[in-house]
Structures are given as C-alpha cells and as structure tokens.
Amino acid sequence: DTAVSQTPKYLVTQMGNDKSIKCEQNLGHDTMYWYKQDSKKFLKIMFSYNNKELIINETVPNRFSPKSPDKAHLNLHINSLELGDSAVYFCASSQATHFLAGGSSSYNEQFFGPGTRLTVL
Amino acid sequence: QQQVKQSPQSLIVQKGGISIINCAYENTAFDYFPWYQQFPGKGPALLIAIRPDVSEKKEGRFTISFNKSAKQFSLHIMDSQPGDSATYFCAASLGNYQLIWGAGTKLIIKP
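Residues numbered from 1 in each chain as written. Chains lettered and ligands numbered in written order. Predicted model: local features only at pLDDT ≥ 70, side-chain atom pairs only at ≥ 80, totals over all residues. Heavy atoms only, no water.

What exactly am I supposed to notice about unusual backbone geometry here?
Most peptide bonds take the trans configuration, and most residues that are not glycine carry a negative phi. Omega for the peptide link from T7 of chain A to P8 of chain A comes to -5°, which places this bond in the cis form. Relative to the helices and strands, P8 of chain A is located in the loop between β1 (4-7) and β2 (10-13). Residue P8 of chain B is reached from S7 of chain B by a cis peptide bond, and omega for that bond is -5°. In this model, K41 of chain A sits at a positive phi of 75°, which is unusual for a non-glycine residue. As for its position among the elements, K41 of chain A is in the loop between β4 (31-37) and β5 (43-50). In this structure K41 of chain A comes out as partly exposed when scored by relative accessible area, which is 32%. (Helix = DSSP H or I, 4+ residues; strand = E, 2+ residues; numbered from the N terminus. Buried < 20%, exposed > 50% of the residue type's maximum accessible area, 1.4 Å probe, protein only.)

Can you help me understand the sheet that holds β1 of chain A in this one?
Residue and element names in this part refer to chain A. Read from one edge of the open sheet, 4 strands run β1-β3-β8-β7, paired in antiparallel fashion. If you trace the sheet from one side to the other, it starts and ends with β1 and β7 (64-70), each paired once. Strand-to-strand twist across the sheet, computed as the mean angle between neighbouring axes with direction ignored, equals 20°. In terms of strand pairing, β1 meets strand β3 (residues 19-25) through 4 bridges, oriented antiparallel. Looking at β3, one finds that Q6 is bridged to C23. (Pairing = 2+ DSSP bridges. Axes fitted to C-alpha atoms, helices over the stretch in contact; angles between N-to-C directions.)

I tried to follow the state of the cysteines on my own but got confused; where do I start?
As used here, a disulfide is simply a covalent bond connecting the sulfur atoms of two cysteines. Scanning the model with the defined rule gives 2 disulfides over all chains in all. The disulfide partner of C23 of chain A is C91 of chain A, and the S-S distance across this bridge is 1.8 Å. When the S-S torsion is -75°, as for the bridge of C23 of chain A with C91 of chain A, the disulfide is left-handed. Residue C23 of chain A is located in strand β3, and its partner C91 of chain A is located in strand β9 (residues 87-94); the two are separated by 68 residues in the primary sequence. Note that C23 of chain B is cross-linked by a disulfide to C90 of chain B, the S-S spacing being 1.9 Å. Judged by the torsion about the S-S bond (-95°), the C23 of chain B/C90 of chain B disulfide is left-handed. Here C90 of chain B lies in strand β9 (residues 86-94) and C23 of chain B lies in strand β3 (residues 19-25), a separation of 67 residues in the sequence. (Disulfide = S-S within 2.5 Å.)

Looking at this structure, how should I read the environment of P66 of chain A?
Within the fold, P66 of chain A resides in strand β7. Beyond its immediate stretch of four places on either side in the chain, P66 of chain A contacts F47, Y49, L74, N75 and L76 of chain A. (Contact = heavy atoms within 4.5 Å.)

Would you mind showing me how to read the interface of chain A and chain B here?
Accessible area lost when the parts come together is the quantity often used to give the size of an interface. At the junction of the two partners, chain A supplies 27 residues and chain B supplies 23 residues. For the pair chain A and chain B, the number of links is 3 residue pairs in polar contact (both at pLDDT 80 or more). Counting residues per element, the ones that place at least two in the side of chain A that touches chain B are β4, β5 and β6 (53-57) of chain A. Here the side of chain A that touches chain B takes 4 residues from β4 of chain A, the largest share from any one element. (Polar contact = N/O pair within 3.5 Å; in protein donor to acceptor, adjacent residues only side chain to side chain.)

This is the structure in structure tokens:
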C-alpha cells in the first residue's frame, strides 16, 4: 500500500502551459506539504495544509496555487509555467504529535511521496 | 537565524569507514532534530532523530551526536556500506509543522 502517492511521476510541458500535480495520502495524517527540490537537491518548502487550512505559505510565485479538497488530498496547480519551474516536486504528510517520552520517531515525521519530475521546455 | 547549515556538500568514504556529516543551527527554539535519507529517484525518508535534551542517539550503525551548547549536531555512519550511498539531510523543527532543512550531503561509499 502506497502511503503518499503523487501523479504524474513525470511531466514534460511547454513554457506558458498550466499543469496540475495530484497528491494523496492514506495515512490519516492531518498535515500535508509541497516541496520543491532543485537540481542541487535543495529542499524548499512551498506550502502546508493542516485539516484543509493553509498554515505555511512560503514566498513562491502566485502562479502556484495549492488546493486541498479534503485532508487526504493536496493538489498543486501551476499557471503559466516557466523554465525555472523545472524541478522535482514532492508531496509529504505528517501527523503532528507531541513528543513521546523515550522516543522521537513519531514527532512531526514527514512521509514523502515519490516525487514528480517537472520539465518545462 | 532560521537556517540549518550542513557540511560537507559531498563526501566520499571507503567501505567500512566512518561517514560524518555535520549541521549547525542558531535558533535555540528548535526542539527536534531529524536526519532524512534520500536515494536517487525517491523521496526523503526519516532515518533517525533526536531531542535537544539527549546528547546521543544510536540506531544500528547510525548515531546522532548532539552538542546543545555549541548548537551543533552530527550524523555518524559506522562501517559504511555501498547501500548507504544517498543524499542525507539534517533538519530542525519549529513547532509541530515546519522543518527547517539543511542543504543536503551527497554521500558515496566506495567498495
């Protein structure tokens, strides 16, 4: 069973087009994220939703718009694609909990999807 | 102050050697320090994590050493294996939701 899934895995498109990436998690988590990973592997948080409410909205062009129809889904829509948008986009989810005594693995562990490689030509 | 600085950017270690990756932070409000491992073509996955009230955490061949006064923490991989070749990210948590990520270290273990 795939915990966090993304579609499509690869997306090749022309500049100026509009595209969407879908994400679904079956972990029952309340919080979902979108990250952008550039060619140097740097992970940049873009957005985060908690129970369908936007809680993190980093400085990204307003051509990027997240949509969360329910807490298991967080989609990313990108308008007017530019060359610089080429990257791997990762969806992630987490169940934010208080730190458990004697353990650390459940505290805000983020589970990542397999990524969507976007290439803008 | 929100940054987590990670070094080195890349690291080559012989099989059986010790791999060491270092991170430093400024914000003393951080309360959780995870390390994530990312294989090519995959998303990052949690490897090991530590709280600042603990100086060391060990899981198998992976150990986090934490120095609260120096505001530094490091990942040690003992008996490094070719299967450990991956990109490693340190991170620090601000509250329940947001992780501040290091820039990543590409680790190559030579057979």
